[in-house]
Amino acid sequence: MSSSAEPQPRFGQSVKGLLADKVGSCSGDVVALTRQVLKGSRSQELLGQAARNMVVQEDAILHSEDSLRKMSIITTHLQYQQEAIQKNVEHSKNLQDQLRHLLK
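How each quantity is defined
Residues numbered from 1 in each chain as written. Predicted model: local features only at pLDDT ≥ 70, side-chain atom pairs only at ≥ 80, totals over all residues. Heavy atoms only, no water. Salt bridge = Lys/Arg side-chain N within 4 Å of Asp/Glu carboxyl O. Helix = DSSP H or I, 4+ residues; strand = E, 2+ residues; numbered from the N terminus. Buried < 20%, exposed > 50% of the residue type's maximum accessible area, 1.4 Å probe, protein only. pLDDT = per-residue confidence, 0-100. Contact = heavy atoms within 4.5 Å.

Asker: Got a minute to help me understand the pattern of salt bridges in this structure?
Answerer: Summed over all chains, the structure comprises 4 salt bridges. In this structure, the salt-bridge partner of R100 is D97, at a minimum N-O distance of 3.1 Å. On the criterion of helical spacing, the pair formed by R100 and D97 is a turn pair, its members being 3 residues apart in helix α2 (residues 7–103). Given the relative accessible area of 42%, D97 is considered partly exposed. Residues participating in the shared-partner salt-bridge network are D66, R69 and K70.

Following this line, the structure appears as C-alpha cells:
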C-alpha cells in the first residue's frame, strides 16, 4: 500500500505544478491581451486625431481653392482694364497727333 500511496502525492503535486504553470501562462496571456487592447485604444486615438486633422486640412484646401478662384477672376478683370487703358493711350496718342496736325 505504501507504494500506491506514494505516487498519488506526486501525481497531485505534478497536477498542482501543471496548474500553476497554466495559471502563470494565462496571466501572461492576460497581460499581453491588455497591452494589445491599450495599443489598439491608442491607435484609435491616433486615427481619430488624424481624421480631425484631415478635416481641418480639407477646409484649408477648400478655402485656398476659393481664394485662387477669386484671384483668377480679379486677374481677368485687371487684364481687361489693362487692355482698355492701352486702347485709351493709343487713342489719346492719335488725338494728340490730330491736334498737332490741326494746330499747324
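After presenting the structure, the write-up continues.
Asker: Hey, could you run me through the confidence of the model for the protein chain in this one?
Answerer: Caution applies to low-pLDDT parts of the model: their predicted coordinates are not meant to be read in detail. A residue-level look at the protein chain finds 88% of positions with pLDDT of 70 or above and a mean pLDDT of 85. Confidence drops under a pLDDT of 50 for residues 1–7, and excluding neighbours within four residues, the segment shows 0 contacts in the predicted structure.

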